[in-house]
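Chain residues, written in single-letter form:
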Amino acid sequence: MATWSAPGKVFLFGEHAVVFGKPGIAMAIKPRVYVTVRKTRHPPRVRSPYLENCFDIMGVNGSVYIHSQLPSSSGLGSSAAVTVATLSAINDEFDMNYTRADIGDMAYSVEKKVQMGKASLTDTHVSSYGGLVLIKGETKRRLAPQSFQLVIGNTLVSHKTAKLVEMVGEFKKEEPLVVDPILDAIEAVTIRSMYKFDDMKVLGRYMDINHALLEALGVGHPMLTRLVSEARAAGAYGAKMTGAGGGGSMIALCPKRSKNKVASAIEACGGKAIITTIDTDGARKERDYGRNSNSKIRR
Ligand code: PMV
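Residues numbered from 1 in each chain as written. Predicted model: local features only at pLDDT ≥ 70, side-chain atom pairs only at ≥ 80, totals over all residues. Heavy atoms only, no water.

A separate point is the pairing of strand E5 (residues 139-143). Each regular strand carries side chains that alternate between the two faces of the sheet. Examined bridge by bridge, strand E4 (residues 132-136) and E5 share five bridges and lie antiparallel to one another. Bridging across to E5, leucine 132 finds its partner in leucine 143. Between the antiparallel neighbours E4 and E5 lie two residues, among them glycine 137 with a positive phi of about 60°. (Pairing = 2+ DSSP bridges. Helix = DSSP H or I, 4+ residues; strand = E, 2+ residues; numbered from the N terminus.)

So this is what it looks like as structure tokens:
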């Protein structure tokens, strides 16, 4: 039996613009997915296409126990975390010698297959390595970890990343004179943010600007608007949607002392709050979590 875990992620800056080759900054977050894999001669039937493809790509069979602290379909990278943790646990349980980079690559191809080609490199990379990552096209650069204090607000409104990405693409095609400057402005905010990682007030302001620019691209949602403005009113330095938008989640950058107040404001509006910070570990081996937990058998 082998148990591995992998973290979720948020986009701090640059989502959607990254699709057009602009830089984006993503960060691994503390909530994790825990996966236990065990060799069995007669594994139960497959329930999830992600798990099925993990076993297929590794060419083995086994049973899986999953315990997730991450809500699914909320823009927090839960499917990537499940995939990375499952591949890592299979690698360990079956004594394969794949490296972290191999696991990251395989996780990306599993996500791409299950999501019909519409997966982003970001989620699987950040979940495998943890920390803070600058993404631009196919390149990924690790940035020095920062102890940003975040409150995540899940709108509980599910969204379809592929549809939102397509919508922005159409908008850009129809109105390049309008959309291109918006993408340029997102790029500018993303680049400037890296010079201000130690100035929470300015960084918060950049988040507010990034949120407004995403709304201008048409990927806002009334619930995101509500959670973002309530978080700011409750003392956040700044707040923005994170990920594809149209529902999903938002993040608020907060002074440590305001985190509980911001979380309560989010919950008072009907959102689900998660108080968190950076996760620097990426995928990691755990003690056998599955044996003594109430995790569900998923395969
Ligand atoms: O909502 P998420 O976590 O799937 O993030 C999507 C981010 C986009 O920039 C809109 C798409 C992408 O592949 O980077």
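Right, let's talk about the domain arrangement of the chain for a bit. Interface extent is often summarised as the accessible area lost during association of the parts. Split into domains, the chain comes out as domain 1 (2-145 + 281-297) and domain 2 (150-276). Contacts between the two partners involve 27 residues from domain 1, matched on the other side by 38 residues from domain 2. For the pair domain 1 and domain 2, the two sides together bury roughly 2,500 Å², of which 74% comes from carbon and sulfur. The three residues of domain 1 that bury the most area against domain 2 are Phe13, His16 and Phe20, which together make up 28% of that side's buried surface. At the surface where domain 1 touches domain 2, the tally comes to three salt bridges. The salt bridge involving lysine 22 is made with aspartate 184; its shortest N-O contact spans 2.8 Å. Counting across the domain 1 and domain 2 interface gives 11 residue pairs in polar contact (both at pLDDT 80 or more). Elements with a contribution of two residues or more to the side of domain 1 that touches domain 2: strand E1 (2-13), strand E2 (24-39) and E4. (Domains from an automatic or database assignment. Contact = heavy atoms within 4.5 Å. Buried area = accessible area lost by both parts, 1.4 Å probe. Salt bridge = Lys/Arg side-chain N within 4 Å of Asp/Glu carboxyl O. Polar contact = N/O pair within 3.5 Å; in protein donor to acceptor, adjacent residues only side chain to side chain.)

This paragraph deals with the site of the ligand. Of all residues adjacent to the ligand, which total 13 residues, the nearest are Lys9, His16, Ser120, Thr161 and Ala244. The contact in question runs from an oxygen atom of the ligand to an N or O atom on the side chain of threonine 161, over 3.1 Å. Measuring from an oxygen atom of the ligand, one finds a backbone N or O atom of alanine 244 at 2.9 Å. In isolation the ligand exposes 380 Å². Once the protein is present, 88% of that is buried. The set of elements that each furnish at least two residues to the shell around the ligand consists of E1 and helix H5 (161-174). When residues of the shell around the ligand are sorted by domain, at least three fall in each of domain 1 (2-145 + 281-297) and domain 2 (150-276). (Near = heavy atom within 4 Å. Areas by Shrake-Rupley, 256 points an atom, 1.4 Å probe, with all protein chains shown as cover.)

So, on to the sheet that holds strand E7 (residues 238-242). In space, the four strands of this open sheet follow the order E7-E8-E6-E9, with antiparallel pairing throughout. Two strands close off the open sheet at either side, each with one partner strand: E7 and strand E9 (272-276). Geometrically, the sheet is characterised by an average inter-axis angle of 20° between neighbouring strands, direction not taken into account. Here strand E6 (residues 150-154) pairs with E9 via five bridges, running antiparallel. Looking at E9, one finds that glycine 153 is bridged to alanine 273. Most of the contacts of helix H9 (residues 259-268) go to E9, to which it runs at about 160°, and overall it touches E6, strand E8 (249-253) and E9. (Axes fitted to C-alpha atoms, helices over the stretch in contact; angles between N-to-C directions.)

Next up on the list: the nonpolar core. Val10, Leu12, Met27, Leu132, Phe148, Met250 and Val262 are the most contacted members of the largest nonpolar core, which totals 80 residues. Of the domains in this structure, domain 1 (2-145 + 281-297) and domain 2 (150-276) are the two that each give at least three residues to this core. Ala26, Ala28, Val133 and Ile135 belong to the second-largest nonpolar core, a separate cluster that totals five residues. (Core = buried A, V, L, I, M, F, W, Y, C linked by side-chain atoms within 4.5 Å. Buried < 20%, exposed > 50% of the residue type's maximum accessible area, 1.4 Å probe, protein only.)

For the rest of this paragraph, the subject is helix H3 (residues 100-114). For H3, spanning 15 residues, the distance from its first C-alpha to its last is 21 Å, which sits close to the expected 21 Å at 1.5 Å a residue. Among all positions in H3, only Ile103, Gly104, Met106, Ala107, Tyr108, Val110 and Glu111 are buried. Looking at the residues trailing H3, positive phi occurs at methionine 116, about 50°. (Expected span 1.5 Å × (residues − 1).)

Attention now goes to the packing of aromatic side chains. Summed over all chains, the structure comprises one aromatic pair. Note on phenylalanine 148 and phenylalanine 197: the rings are 5.3 Å apart at their centroids and 75° apart in plane angle, and the pair reads as edge-to-face. Taken as a pair, phenylalanine 148 in the loop between E5 and E6 and phenylalanine 197 in the loop between helix H6 (176-193) and helix H7 (200-217) lie far apart in primary sequence, 49 residues in all. In this structure phenylalanine 148 comes out as buried when scored by relative accessible area, which is 2%. Judged by its relative accessible area of 10%, phenylalanine 197 falls in the buried class. For lysine 172, the ring lying beneath its charged end belongs to phenylalanine 20, and the centroid distance is 5.5 Å. (Phe/Tyr/Trp six-rings, centres within 6.5 Å; stacked < 30°, edge-to-face > 60°. Lys NZ or Arg CZ within 6 Å of the ring centre and 35° of its normal.)

Phi is positive for serine 73, which is not a glycine, with a value near 50°. Take serine 73: it is sitting in the loop between strand E3 (62-68) and helix H2 (78-93). Phi at leucine 156 is positive, roughly 65°, even though this residue is not glycine. Tracing the backbone shows leucine 156 in the loop between E6 and H5.

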